[in-house]
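Structure assessment
Okay, here's what each chain looks like letter by letter:
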Amino acid sequence: KNEVEQSPQNLTAQEGEFITINCSYSVGISALHWLQQHPGGGIVSLFMLSSGKKKHGRLIATINIQEKHSSLHITASHPRDSAVYICAASNSGYALNFGKGTSLLVTP
Amino acid sequence: DVKVTQSSRYLVKRTGEKVFLECVQDMDHENMFWYRQDPGLGLRLIYFSYDVKMKEKGDIPEGYSVSREKKERFSLILESASTNQTSMYLCASSPPDLGGNSPLHFGNGTRLTVT
């Protein structure tokens, strides 16, 4: 089983700050997912990546396969970015191994 | 847009009751999943299904069963609800290639309380 660790567990930032959330995993993977969960429960897939870097608006996800590490960056953070961010690793089969999530609060 | 619909947002049941959680997706996805989410433990897989009438146990199947009679519908059944099954339950679906290499689409979750 792939152990997926996220850091930090909780993060508070002021509006406008640059934010980084880290994810490390123990076993080689085929893809790394970043998910966002707002209060109320619904989860949205942000990124799925197997190498390099992806960008959507103010969000950037990077992965270093050799170091078994991925980061999610948020530039110019905004209170609406407040959510739980979850990374998940897939190696084989149908299921993902999830990190426990990073709870982000962006204050005005 | 893919829509995954869970039948209830909030549910309160008594210990010993049989509980059905329903999930429907509208994108003809082969793969469907049931997870539970608890504080400090993250998302844990209960069961998944890769085709009609096919099911596989996840990490925590004890106390649960599932049914997939139609492609679009995946039901989670608590045969005899217990208080330790109080949790947030999330259904997800994905396209037919290996679920881990396709984005998962989640429902809004059902918060179940067993008293």
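Residues numbered from 1 in each chain as written. Chains lettered and ligands numbered in written order. Predicted model: local features only at pLDDT ≥ 70, side-chain atom pairs only at ≥ 80, totals over all residues. Heavy atoms only, no water.

**Some points on the overall build of chain A**
Just so we agree on the cut-off: The way it works is that DSSP assigns letters per residue, a run of H or I at least four long becomes a helix, a run of E at least two long becomes a strand, and they are numbered from the N terminus. A 1.4 Å probe rolled over the protein chains alone gives each residue an accessible area, and that area as a share of the maximum for its type sets the label: buried under 20%, exposed over 50%, partly exposed in between. Should any heavy atoms of two residues lie within 4.5 Å, those residues are counted as being in contact. Charged residues are defined narrowly, with Lys and Arg counted positive, Asp and Glu counted negative, and His plus the chain ends left uncounted. Where a charge sits is defined by one atom per residue type, namely NZ (Lys), CZ (Arg), CG (Asp) or CD (Glu).
Helix and strand counts for chain A stand at 0 helices and 11 strands. N-terminal to C-terminal, the α/β element order of chain A is β-β-β-β-β-β-β-β-β-β-β. Across the 108 residues in chain A, those meeting the buried criterion constitute 44%. Considering only contacts in chain A between residues 6 or more positions apart, those separated by 24 or more positions represent 54%. Averaging the positions of the 8 positive and the 6 negative side-chain charges in chain A gives two centres separated by 8 Å.

**Examining the nonpolar core**
Using the following cut-off: Nonpolar cores are built from buried Ala, Val, Leu, Ile, Met, Phe, Trp, Tyr and Cys residues. Side-chain atoms within 4.5 Å join them into one set.
Ranked by internal contacts, the top residues of the largest apolar core, which has 23 residues, are Ile19, Leu32, Trp34, Leu46, Phe47, Leu72 and Tyr85 of chain A. Counting 20 residues, the second largest nonpolar core, distinct from the first, contains Trp34, Tyr47, Cys91 and Val114 of chain B.

**Points about the state of the cysteines**
Residue and element names in this part refer to chain A. Here is the rule we go by: Count a disulfide wherever a pair of cysteine sulfur atoms falls within 2.5 Å.
One pass over the full model with this rule turns up 2 disulfides over all chains. Shown here is the disulfide that connects Cys23 with Cys87, its sulfur atoms set 2.0 Å apart. Across the disulfide from Cys23 to Cys87, rotation about the S-S bond amounts to roughly 75°, and the bridge is consequently right-handed. With a gap of 64 residues between them, Cys23 in strand β3 (residues 19-25) and Cys87 in strand β9 (residues 83-90) connect regions that are remote in the sequence.

**Section: the packing of aromatic side chains**
The criterion, for reference: We call Phe, Tyr and Trp rings a pair once their centres come within 6.5 Å, taking the six-membered ring for Trp, and we label the pair stacked below 30 degrees between planes, edge-to-face above 60, and tilted otherwise.
Applying the stated rule across the entire model yields 5 aromatic pairs over all chains. Between Phe33 of chain B and Tyr35 of chain B, the aromatic rings sit 6.1 Å apart at their centres with planes inclined by 20°, giving stacked as the arrangement. Note on Tyr35 of chain B: relative accessible area 0%, which makes it buried. Here a set of aromatic residues connected by ring pairs shows up, and it is made of Phe98 of chain A together with Phe33, Tyr35, Phe48 and Phe106 of chain B.

**A few points about unusual backbone geometry**
Note that the residue after Ser7 of chain A, namely Pro8 of chain A, is joined by a cis bond; omega there is -10°. Mapped onto the secondary structure, Pro8 of chain A falls in the loop between β1 (4-7) and β2 (10-14). Positioned with a positive phi, Asp28 of chain B is a non-glycine residue whose angle comes to about 60°. Its location among the elements puts Asp28 of chain B in the loop between β3 (19-25) and β4 (31-38). Owing to a relative accessible area of 52%, Asp28 of chain B belongs among the exposed residues under this scheme.

**Some thoughts on the sheet that holds strand β7 (residues 59-64) of chain A**
All names here are of chain A. Selection rule: Here a strand pair is declared whenever DSSP counts at least two bridges between the two strands. Throughout, an axis means a line fitted to C-alpha atoms (over the contacting stretch in the case of helices), and angles, computed between N-to-C directions, take values from 0 to 180 degrees.
Taken in spatial order, the 5 strands make up an open sheet running β1-β3-β8-β7-β6, and their pairing is antiparallel. Each of the sheet's edge strands pairs with one partner strand only, and the pair in question is β1 and β6 (52-56). Each neighbouring strand pair of the sheet contributes to a mean axis angle of 15°, computed without reference to strand direction. Pairing of β1 with β3 involves 4 bridges; the strand directions are antiparallel. For Glu5, the partnering residue across the bridge sits in β3 and is Ser24.

**Here's the deal with the pattern of salt bridges**
Residues and elements named next belong to chain B. For the record, the criterion: We count a salt bridge whenever a side-chain nitrogen from Lys or Arg sits within 4 Å of a carboxyl oxygen from Asp or Glu.
Evaluation of the coordinates by the stated rule reveals 8 salt bridges over all chains. Residues Asp38 and Arg36 are paired through a salt bridge, measuring 2.9 Å at the closest nitrogen-oxygen approach. Here Asp38 matches Arg36 in class, with each residue buried. When salt bridges that share partners are traced, they join Asp28, Glu30 and Lys71 into one network.

**A word on the sheet that holds strand β7 (residues 64-70) of chain B**
All names here are of chain B. Across the sheet, 4 strands lie side by side as β1-β3-β8-β7; this open sheet has antiparallel pairing. Looking at the sheet topology across the chains shown, the edges are occupied by β1 (4-6) and β7. Along the sheet, successive strands turn relative to each other by an average axial angle of 20°, direction set aside.

**Observations concerning the interface of chain B and chain A**
Stated formally: Note on definitions: buried area is the accessible-area loss of two parts on being combined, 1.4 Å probe, summed for both. Nitrogen and oxygen atoms within 3.5 Å of one another constitute a polar contact, given that in protein one can donate a hydrogen and the other can accept it, and given that sequence-neighbouring residues count only through two side-chain atoms. Each residue is assigned to one class: nonpolar for Ala, Val, Leu, Ile, Met, Phe, Trp, Tyr, Cys and Pro, charged for Asp, Glu, Lys and Arg, and polar for all the others, Gly among them.
Listed as interface residues are 25 residues of chain B and, on the opposing side, 20 residues of chain A. In total, chain B and chain A occlude about 1,800 Å² of area from one another, counting both sides; carbon and sulfur atoms represent 62% of this. Inspection of the region where chain B meets chain A yields 0 salt bridges. The tally of links from chain B across to chain A stands at 1 residue pair in polar contact (both at pLDDT 80 or more). Taken together, the residues that form the side of chain B that touches chain A break down as 13 nonpolar, 10 polar and 2 charged.

In short, shape yes, function no, at least from these values alone.
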